[in-house]
Amino acid sequence: MPFVRISGTLLHYRLTGPEGAPALVFVNSLGTDARIWDAVIAMSSDSYRCLSYDKRGHGLSDAPEGDYALDEHLDDLEGLLEHLDLGKVAVAGVSIGGLIAQGLALRAPDRIGALVLCCTAPRMGDAAMWSARIETARTKGLEPMADPVMERWFSPDFRQHRPDELAGWRNLFLRTNPLGYANTCATLRDTDLGADIARIQAPTLIVAGDADLAAPVELVRNCTAIPGSRFEILSGVGHIPSIEQPAHLADLIQDFLKEADHG
Ligand SMILES: O=C(O)CC1=CCC(=O)O1
């Protein structure tokens, strides 16, 4: 369970897989931590050096005060990559994690071997929605949002047939630092990469879930402005395919990275 301080912010990360193997980095979504990627990492770490971390405001990482700018998330991730000396990486991000991946590909194209953008878009939601969540998180905590958020995260089938997992991931959401959550909602409120992503040159796989209420398929399709990108729609999956269909997602990622010449 290593920790590192990047420009004063403590980050919790995990690194598995053979040293020298192509590096694959996983970025988590709002209200979660690196554990949402564990099943995919277990299926990938024979062939890839897998890095996952709790982005600021989440998990065991620090939750600094104040709205988080996208640039601060990028500073964290770039700092972590420099600290670990991973060379060129593929970055897989879900939701805001995918926004961070897009941002890094724009800021540091030479570091990026490939992108996997899951259930994300260059702009997610609108300012009013994020402001309302910020207000709720800061004044009442996360409990009032828990049930609606579970409906956004998980397909009806998952919620009906996997109640213990649902309860566990709900616990993860509720244990997120409400101020870290609110400060991250500010990133979503303030970020729009729509005018920029056509400049991304990295080979890009885009994955949407047809039961995703947080990033519906047509929103995720906006990522196809990235030249040459491939778009896949997973059936019966909500907002976090790494939890609902990890084997399917791991296969897609590995096949794509081989074609992209990253592993
Ligand atoms: O909580 C949600 O609605 C899902 C979500 C939006 C951005 C993100 O990272 O997760």
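Counting restarts for each chain: residues are numbered from 1 in the order of the written sequence. Totals for whole chains, interfaces and linings use every residue, but because this is a predicted model, local features are given only for residues with pLDDT of at least 70 and side-chain atom pairs only at 80 or more, for both listing and counting. By convention in this description, side-chain values take in all heavy atoms of the structure and omit both hydrogens and water.

Asker: Even after reading the chapter, I still don't get the pairing of strand β4 (residues 49-53), so can you show me in this structure?
Answerer: Each regular strand displays side chains that alternate between the two surfaces of the sheet. For β4, a buried count of five out of five residues is recorded, marking the element as mostly surrounded by other parts of the structure. Each residue gets one of three labels from its accessible area relative to the maximum for its type: buried under 20%, exposed over 50%, partly exposed in between, using a 1.4 Å probe on protein chains only. Only DSSP runs of H or I covering at least 4 residues are called helices, and only runs of E covering at least 2 are called strands; the numbering of each starts at the N terminus. Residues of β4 alternate between two faces, with Arg 49, Leu 51 and Tyr 53 on one and Cys 50 and Ser 52 on the opposite face, all of them buried. In short, DSSP must find at least two bridges between two strands for them to pair. Inspection of the sheet shows strand β2 (residues 9-16) paired to β4 by four bridges, in the antiparallel sense. By the bridge assignment for β4, Tyr 13 is matched with Tyr 53. The handedness of the strand β3 (residues 23-27) to β4 crossover, carried by helix α1 (residues 38-44), is right-handed. The handedness rule is simple: strands pointing away from the viewer, and a clockwise path from the first strand over the helix to the second, make the crossover right-handed.

Asker: Got a minute to help me understand the nonpolar core in this structure?
Answerer: One broad trend across soluble globular proteins is that nonpolar side chains are buried collectively. Core analysis: the largest hydrophobic core is formed by 91 residues, its most contacted members being Trp 37, Val 91, Leu 115, Phe 173 and Tyr 181. Ranked by residue count, the leading element in this core is helix α3 (residues 96-107), at seven residues. Setting aside residues up to four positions removed in sequence, Val 91 forms contacts with Val 25, Val 27, Ala 101, Leu 104, Ile 112, Ala 114, Leu 115 and Val 116. Remark: nonpolar core denotes a set of buried residues (Ala, Val, Leu, Ile, Met, Phe, Trp, Tyr, Cys) joined through side-chain atoms within 4.5 Å. Residues are treated as being in contact if the distance between any of their heavy atoms lies within 4.5 Å.

Asker: What is the right way to read the UniProt feature "domain: AB hydrolase-1" (unreviewed entry) in the protein from this model?
Answerer: This chain's UniProt record puts "domain: AB hydrolase-1" (unreviewed entry) on residues 24-247. Spanning residues 24-247, this segment combines 43% helix with 15% strand, and its end C-alpha atoms are found 16 Å apart. UniProt positions are given in the numbering used here, feature names are shortened, and annotations may be inferred rather than shown by experiment.

Asker: Looking at this structure, how should I read the pattern of salt bridges?
Answerer: Proximity of charged atoms lets side chains of opposite charge pair with each other. Basic side-chain nitrogens of Lys or Arg form a salt bridge, by our definition, when they fall within 4 Å of a carboxyl oxygen of Asp or Glu. In the structure shown here, the tally under the stated rule is 19 salt bridges. Between Arg 107 and Glu 78 there is a salt bridge, and its shortest N-O distance comes to 2.8 Å. Here Arg 107 is found in helix α3, whereas its partner Glu 78 is found in helix α2 (residues 70-84), with 29 residues between them in sequence. With relative accessibility at 33%, the residue Arg 107 sits in the partly exposed group. With a shortest N-O distance of 2.9 Å, Arg 162 and Glu 165 are connected by a salt bridge.

Asker: Teacher, can you tell me more about the packing of aromatic side chains here?
Answerer: Each aromatic ring pair is specified by the distance between its two centres and by the angle formed by the two planes. The aromatic pairing rule takes the rings of Phe, Tyr and Trp, using the six-membered ring of Trp, and pairs them if the centres are within 6.5 Å, calling planes under 30 degrees apart stacked, those over 60 edge-to-face and the rest tilted. Enumeration according to the criterion identifies five aromatic pairs in this entry. Ring geometry for Trp 153 and Phe 173: centres 5.7 Å apart, planes at 90°, overall edge-to-face. Separated by 20 residues along the polypeptide, Trp 153 in helix α5 (residues 146-153) and Phe 173 in helix α7 (residues 163-174) bring together distant segments of the chain. There is no split in this pair, since Trp 153 and Phe 173 are both buried. Three or more aromatic residues joined by ring pairs form one cluster here, namely Trp 153, Phe 154, Phe 158, Phe 173 and Tyr 181. Whether a charge lies above a ring is judged from NZ of Lys or CZ of Arg, which has to be within 6 Å of the ring centre and within 35 degrees of the ring normal. Above the face of the Tyr 68 ring, Arg 56 is positioned so that its terminal group lies 5.1 Å from the ring centre.

Asker: Teacher, can you tell me more about the environment of Gly 113 here?
Answerer: Looking at the secondary structure, you find Gly 113 in strand β6 (residues 112-118). Counting along the chain gives 22 residues from Gly 113 to Val 91, while the straight-line C-alpha distance between them is 8.1 Å. Sequence-distant contacts of Gly 113, that is, excluding residues within four places in its chain, are made with Lys 88, Val 89, Ala 90, Pro 203 and His 262.

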